[in-house]
Amino acid sequence: MVEVSRKYVFDFDSTLTRVEALDVLAEMTLEGRSNKEEVIQEIQKITNLGIDGDISFTESLERRIKLLHAKKEDLDGLVENLRNKISKSIASNKEFFEKYADDIYVISCGFKEFIDPIVKEYNIPSERVYANTFKFDEEGNIIGFDEKNVLSQHNGKIDCLKQMNLDGEVQVIGDGYSDYVMREAGIADKFFAYTENVHREKAANNADYVTPSLDEFLFVNKLPRNISYPKNRIKVLLLENVHTAAFDNLSEDGFSVELIKHSLPEEELIEKIKGVHVLGIRSKTQVTKAVLDAADKLLVVGAFCIGTTQIDLETAKKKGVVAFNAPYSNTRSVVELAIGEIIMLMRSVFDRSREIHEGQWQKTAAGSREVRGKNLGIVGYGNIGKQLSVLAEAMGMRVYYYDVDDKLALGNAVKCNSLEDLLSVSDVVTLHIDDNKANKNFIGERELNQMKKGAMLINLSRGFVVDIDALAESLKSGQVGGAAIDVYPDEPRSNGDFKTKLQGFPNVILTPHVGGSTEEAQRDIADFVPNKIMDYINSGNTVDAVNFPNIRLPKQNKSHRFLHIHKNVPGIMAKINKVLAQYELNINSQYLSTDNEVGYVITDLDKEYNKEVIKELKKVENTIKFRVLY
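Student: What exactly am I supposed to notice about the overall build of the protein here?
Tutor: Helix and strand counts for the protein come out as 25 helices and 24 strands. Relative to the globule expectation of 25 Å for 630 residues, the C-alpha radius of gyration of the protein, 32 Å, shows a markedly less compact shape. Projected onto the principal axes, the alpha-carbon positions of the protein cover approximately 95 × 70 × 45 Å. Considering the protein as a whole, with its 630 residues, one finds that 52% of them fall into the buried category. Intrachain contacts of the protein at a sequence separation of at least 6 include 62% that bridge at least 24 residues. Placing the 80 positive and 95 negative side-chain charges of the protein at their respective mean positions leaves the two points 4 Å apart.

Right, dumping it as structure tokens:
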């Protein structure tokens, strides 16, 4: 089979660079003018009209140059500016431009004066750059352009490409309709709408391919590229109104992200999960075995919260799906709400507020107490419990804590040997325990009766840890003097009507699971979890994974990385290395981490190797997942 030769024709503005060069020149030359913004907006408007073919390019060029007021000396500064504005995926794939230099051309309606020095650094010589040239007066002012140049005329790119008379398959890569016309005229074989910097509907709708980055273009053409798999092909599904910063972080890294404001029931998620590589959820979405069975491409689940009981972690692990959560990001938010509720309950603030809202003035000190000198019992002395301990002590409270694990006390906090000891001494009991299913009804009738009569109960942990019926009875009898409840055994999937037996009691604060819902916490989570996801997808790191062997990997250094997930049975490592030896691979480094069920082998090796080795590694018995990173 004879391989067809190809020629690659690139646009310059908004393709090789992230910007329109004349817009940047305008920013420079109009600096200090009172009408700068209006002029720049007019130039951008004219640029877009020309790119989309709504006015002739000649008209577009003439009108923009008149507005620029630029000089020849400004072009040096423009070139320096443009060097810092190369498109991200263009800059990362310099090797392609070096290896295929003889087949790469630039056809632009921009100007050689600033294009030549930029593309020269990508091994594209001036003779393969087809662009306009400026006209200058004796004082060096830019006064026009060479009208004889075909690229200064309407649809000039068509005539230019015709005159070049290139052999083989001609592929055009550009952002505008003015690039597509070469394909429309039949002198280019394919048109790739380049959308990394700007998405122009008219160009994209007519393209043979829409390519969000050069990586996608190179992948489609099976050309050498900087990364093994285009990120735009990695689909991310974010549910439950995850903070938009998560969408921004993942999108900016190149992933294709879909954001849905609510959770999905199992049946809908089973359909939606097909073809998805990354799933982002909060606490309501249930990632069950049935969902994971349907997830044909899933690599990672990110829980944008602390709890992970909504994920079938064991099934996920067996399928090679890594799960991350956000164990620290909302700690301060929960602690601050707990502090506020302690004070509110001790002062009966909510009852006094309700009375005023109802038009009643009931000034009284009855049932209103300072927190200073009172005993706070913290059940669960983890990240939240410890921080709460420090702040409560700073307010003058005496802190007692109970935890099933041995935890070192902070400050003057006193460790209790049993839950009963803590309940019997505390004026306020606050729960900060994990989502272990064994903690269901952790606080029930028995425990409520062990509390001091009239003590307060706060639950900002998990809804199922408190027996709501028993708490309602204790509030009714006066055994419990007040409560602040933020979580419930059954919570709705979306905002709307809600009923609980705790409604209507005096000195009871009810909130809709907002303990960690502050703008700061949600923003922190939207940074933390996507960073973990991206680190795993991009490099294989599993640090802080909740269901997977944790391993911190060094940065890849001009190598390919094999990631092999397998069942943890004897002999797997030997089989993997036997395959590597058979293909005489030069291994730079190798890492292994295991738990009782799975093993995770990472091998970094030289770029040059027989690609058949990949098929053989996938065939190794007990392999769960295998992928290559570079």
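Student: Honestly, the packing of helix α24 (residues 572-582) against helix α25 (residues 612-619) in this entry has me stumped. Any pointers?
Tutor: A pair of packed helices is captured by two measures, namely the crossing angle of their axes and the spacing between those axes. In contact at an axis separation of 10 Å, α24 and α25 are set at 160° when each is read in the N-to-C sense. Classed by the angle they form, the pair α24 and α25 counts as roughly antiparallel. Handedness of the crossing formed by α24 with α25: right-handed. Residue-level contacts link I576, V579 and L580 of α24 to V613, E616 and L617 of α25.

Student: Hey, could you run me through unusual backbone geometry in this one?
Tutor: Most peptide bonds take the trans form, and the phi angle of most residues other than glycine is negative. The phi angle at N241 is positive, at roughly 55°, despite the residue not being glycine. Checked against the element boundaries, N241 lands in the loop between β9 (235-238) and α13 (244-252). Note on N241: relative accessible area 44%, which makes it partly exposed. Positive phi is not limited to glycine here, since K558 has a value of about 50°. Within the secondary structure, K558 is located in the loop between α23 (519-539) and β21 (560-567).

Student: Before we go on, may I ask you to explain the pattern of salt bridges in this structure?
Tutor: Between side chains of opposite charge, a pair can form as their charged atoms come close. Tallying each qualifying case throughout the model produces 42 salt bridges. In this structure, D54 and K202 form a salt bridge, with 3.8 Å as the shortest nitrogen-oxygen distance. Of the two residues, D54 is situated in the loop between α3 (36-51) and α4 (57-68) and K202 in helix α11 (residues 201-206); the sequence distance between them amounts to 148 residues. As a salt-bridge pair, D427 and K452 come within 2.7 Å of each other at their nearest N and O atoms. With D427 in the loop between α20 (419-425) and β17 (428-431) and K452 in the loop between α21 (445-450) and β18 (455-459), this pair connects stretches of sequence that are 25 residues apart. One salt-bridge network, in which partners are shared between bridges, spans R6, E169 and K190.

Student: Please clarify how helix α5 (residues 74-83) should be interpreted in this entry.
Tutor: Note on helix geometry: an α-helix contains 3.6 residues per turn, so any two residues three or four positions apart are oriented the same way. Turning to α5, its buried residues are L75, L78, V79 and L82. What you see down the axis of α5 is that its buried residues fit within an arc of 100°, all on one side. Those residues of α5 that are buried are in contact with α1 (12-16), α2 (21-29), α8 (112-120), β4 (134-136) and β5 (142-145).

Student: Could you clarify how one ought to interpret the sheet that holds strand β24 (residues 623-629) in this entry?
Tutor: Either a parallel or an antiparallel arrangement is found when strands of a sheet pair, and the pairing is made through backbone hydrogen bonds. Strand order in the open sheet formed by four strands is β22-β23-β21-β24, and the pairing between neighbours is antiparallel. If you trace the sheet from one side to the other, it starts and ends with β22 (587-594) and β24, each paired once. On average, each strand axis in the sheet is inclined to that of its neighbour by 10°, with strand direction left out of account. Bridge analysis of β21 against strand β23 (residues 598-605) gives eight bridges, and the strand direction is antiparallel.

Student: Teacher, can you tell me more about the nonpolar core here?
Tutor: The nonpolar side chains of a soluble globular protein tend to be buried with one another. Core analysis: the biggest nonpolar cluster contains 70 residues, and F10, F96, F97, F114 and F217 have the highest contact counts within it. When residues in this core are grouped by element, the largest group, six residues, is from strand β2 (residues 104-111). Counting residues in each nonpolar core, the second largest holds 33 residues, with V300, I525, L563 and Y600 among its members.

Student: Which parts of the structure should I look at to understand the packing of aromatic side chains?
Tutor: Both the distance between ring centres and the angle between the ring planes are used here to describe each pair of aromatic rings. Enumeration over the complete set of coordinates arrives at 25 aromatic pairs. Their ring planes at 80° and their centres at 5.6 Å tell us that F97 and Y122 sit as a pair that is edge-to-face. Here Y122 lies in the loop between α8 and β3 (129-132) and F97 lies in helix α7 (residues 94-99), a separation of 25 residues in the sequence. Pair check on accessibility: F97 and Y122 agree, each one buried.

Reading the values: the criteria
- Residues numbered from 1 in each chain as written.
- Predicted model: local features only at pLDDT ≥ 70, side-chain atom pairs only at ≥ 80, totals over all residues.
- Heavy atoms only, no water.
- Helix = DSSP H or I, 4+ residues; strand = E, 2+ residues; numbered from the N terminus.
- Rg over C-alpha atoms; globule rule 2.2 N^0.38 Å.
- Buried < 20%, exposed > 50% of the residue type's maximum accessible area, 1.4 Å probe, protein only.
- Contact = heavy atoms within 4.5 Å.
- Lys, Arg positive; Asp, Glu negative; His and termini not counted.
- Charge placed at Lys NZ, Arg CZ, Asp CG, Glu CD.
- Axes fitted to C-alpha atoms, helices over the stretch in contact; angles between N-to-C directions.
- Parallel < 35°, antiparallel > 145°, perpendicular 65-115°, else oblique.
- Left-handed = near helix turned anticlockwise from the far one by under 90°.
- Salt bridge = Lys/Arg side-chain N within 4 Å of Asp/Glu carboxyl O.
- Arc of directions from axis to C-beta.
- Pairing = 2+ DSSP bridges.
- Core = buried A, V, L, I, M, F, W, Y, C linked by side-chain atoms within 4.5 Å.
- Phe/Tyr/Trp six-rings, centres within 6.5 Å; stacked < 30°, edge-to-face > 60°.

Interpretation note: all reported values are geometric properties and have no functional meaning in isolation.
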